[in-house]
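Commentary on secondary and tertiary structure
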Amino acid sequence: MPCSPTHYQRRREETQAASIKLLELLDLPPDERYRQILKLSPEEQRAISNRAKGGKADELLGGMNGQEKETLRALNNPEQVVVDELTQAKLLRAIYSQRQLDEVMTDFWFNHFNVFINKARIASC
């Protein structure tokens, strides 16, 4: 069923509003920008995140500390935060291990018998 013209108009207005809000946020200092983003509704946060791609995303997170950046990333993609933490832990464990060959072999067999964590989800019937 095709979308009505009012649907397209509403989406265009939402996109324009998100673009304007993004520019307003970019004008704020990092600590105030962080507080303002947290005050937004989840829909507004998602819309701004969709508008802030590439350099704009870096600019939006610019000047924030690691915890603030991770919090904002988690708002839109919490699964990716978990994946990133698991990857970091695995890498640190392998680097600092007294038995690095064991770590390499464990990683090989673990990957051999398991599904890749970043693989797209399979829809259930």
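The text that follows walks through the structure, step by step, so that each part is easy to find. (Residues numbered from 1 in each chain as written. Predicted model: local features only at pLDDT ≥ 70, side-chain atom pairs only at ≥ 80, totals over all residues. Heavy atoms only, no water.)

It is worth spelling out the packing of helix α2 (residues 30–39) against helix α5 (residues 66–76) at this point. The N-to-C vectors of α2 and α5 enclose an angle of 25°; their axes lie 11 Å apart at closest approach. Our classification of the angle between α2 and α5 gives roughly parallel. In this structure, α2 crosses over α5, and the sense of that crossing is left-handed. For the pair α2 and α5, the contacting residues are Tyr34, Ile37 and Leu38 in the first and Glu68, Thr71, Leu72 and Leu75 in the second. Residues that form the contact of α2 with α5 fall into these classes: 5 nonpolar, 1 polar and 1 charged. (Axes fitted to C-alpha atoms, helices over the stretch in contact; angles between N-to-C directions. Helix = DSSP H or I, 4+ residues; strand = E, 2+ residues; numbered from the N terminus. Parallel < 35°, antiparallel > 145°, perpendicular 65-115°, else oblique. Left-handed = near helix turned anticlockwise from the far one by under 90°. Contact = heavy atoms within 4.5 Å. Nonpolar A, V, L, I, M, F, W, Y, C, P; charged D, E, K, R; others polar.)

This part covers the pattern of salt bridges. Taken as a whole, this structure holds 7 salt bridges when the rule is applied. As a salt-bridge pair, Glu32 and Arg35 come within 2.9 Å of each other at their nearest N and O atoms. Here Arg35 and Glu32 lie together in helix α2, a separation of 3 residues that amounts to about one turn. The shortest N-O distance in the salt bridge between Asp102 and Arg99 comes to 3.7 Å. Since its relative accessible area comes to 42%, Asp102 is described here as partly exposed. On the accessibility criterion, Arg99 (59% relative accessible area) is exposed. The structure contains a network of salt bridges with shared partners spanning Asp31, Glu32 and Arg35. (Salt bridge = Lys/Arg side-chain N within 4 Å of Asp/Glu carboxyl O. Buried < 20%, exposed > 50% of the residue type's maximum accessible area, 1.4 Å probe, protein only.)

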